[in-house]
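# Coordinates in review
Next come the chains, spelled out residue by residue.
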Amino acid sequence: MISDVFCKIITGKIKADFVYKDNDFAVIKDINPQAPVHLLIIPVRHADSLEDFLEEKDNELLGKALIVAHRVAHQVGIAEKGYRLIMNEGEYGGKLVPHLHIHLLGGKKLGPKIVR
Ligand code: AMP
């Protein structure tokens, strides 16, 4: 039984602020926002990382993640001015939650640095 925090959120065991949900993806507000808009695009199916999306049958789902991100950016009013998508992967990438997710950040002009 997989019990990372995002699985618990998707199955309703932990509360979160959802801004979008379909059969494939949930989008929630990050609990510790790093920008005025900081959302997380999370696949409903548990997957630790991109390592779990290496098969051709996964192409569609992975592509949909970006479409969902852009749709939600429209929904929350940041698509026109722009936003940033980030994925942290593994120890060196600074990943904390072992469930694939994409950060969607925006709502202000973000700094030029993506590496610190
Ligand atoms: P990372 O794994 O480093 O890419 O980032 C995980 C993100 O999940 C962090 O930005 C956390 O603030 C966020 N996070 C952790 N727990 C929760 C939660 N219960 N609800 C919403 N966001 C969370």
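Please read these numbers as outputs of a predicted model, since none were measured by experiment.

## Overview of the pattern of salt bridges
- What the rule picks out here adds up to seven salt bridges.
- Residues Glu89 and Lys95 are paired through a salt bridge, measuring 3.3 Å at the closest nitrogen-oxygen approach.
- Taking relative accessible area as the criterion, Glu89 reaches 37% and is therefore assigned partly exposed.
- With a relative accessible area of 16%, Lys95 lands in the buried category.

## Thoughts on the pairing of strand β2 (residues 25–29)
- The element β2 is largely enclosed, with a buried count of four among its five residues.
- Here three bridges tie strand β1 (residues 18–21) to β2, and the two strands are oriented antiparallel to one another. Its bridge partner being in β2, Lys21 is matched across the sheet by Ala26.

## Here we look at the nonpolar core
- With 19 residues, the main nonpolar core has Phe25, Val27, Leu39, Ile41, Val68, Val72 and Leu104 as its most contacted residues.
- For this core, the leading source of residues is helix α2 (residues 59–75), giving six residues.
- For Phe25, the residues in contact, after removing those within four places along its chain, are Tyr20, Ile41, Ile42, Pro43, Val44, Leu61, Lys64, Ala65 and Val68.
- Listed in part, the eight residues of the second largest apolar core include Phe6, Ile10, Ile28 and Leu40.

## Some thoughts on the layout of surface pockets
- By volume, the largest pocket is sized at about 1000 Å³.
- Surrounding the largest pocket, 33 residues form its lining, Gln34, His38, Asn88, His103 and Leu105 being those nearest its centre.
- Elements with a minimum of two residues in the lining of the largest pocket: α1 (5–10), β2, β3 (37–43), β4 (83–86) and β5 (102–106).
- Element by element, the count of residues in the lining of the largest pocket is highest for α1, at three residues.
- Looking at the lining of the largest pocket residue by residue, the classes come out as 16 nonpolar, eight polar and nine charged.

Thresholds, definitions, all that
Along each chain, residues carry numbers from 1 onward, in the same order as the chain's sequence is written. Only residues with pLDDT of 70 or above have their local features reported here, since the model is predicted, and side-chain atom pairs are shown and tallied only from 80 upward, although totals for entire chains, interfaces and linings are computed over all residues. Heavy atoms throughout the structure, all of them, feed into the side-chain values; hydrogens and water do not. Here, a salt bridge means any Lys or Arg side-chain nitrogen found within 4 Å of an Asp or Glu carboxyl oxygen. Between buried and exposed lies partly exposed: a residue is buried under 20% and exposed over 50% of the maximum accessible area for its type, with that area taken using a 1.4 Å probe on protein chains only. Segments assigned H or I by DSSP are reported as helices when at least four residues long, segments assigned E as strands when at least two residues long, and all are numbered from the N terminus. The pairing criterion is simple: DSSP has to find at least two bridges between the two strands. Residue types Ala, Val, Leu, Ile, Met, Phe, Trp, Tyr and Cys, when buried and joined through side-chain atoms within 4.5 Å, form a set referred to as a nonpolar core. Residue contacts are counted whenever heavy atoms from the two residues lie within 4.5 Å of one another. Method remark: on a 1 Å grid restricted to protein atoms, a set of points is classed as a cavity if a 1.4 Å probe fits but cannot get out and as a pocket if it is open with protein on both sides within 12 Å along at least five of seven lines; lining residues have an atom within 4 Å of a point. Grid points are joined across faces, edges and corners, and a volume is the space filled by probe spheres set on the points. Gly falls in the polar group here, along with every residue not listed as nonpolar (Ala, Val, Leu, Ile, Met, Phe, Trp, Tyr, Cys, Pro) or charged (Asp, Glu, Lys, Arg).

Geometry only, nothing functional implied.
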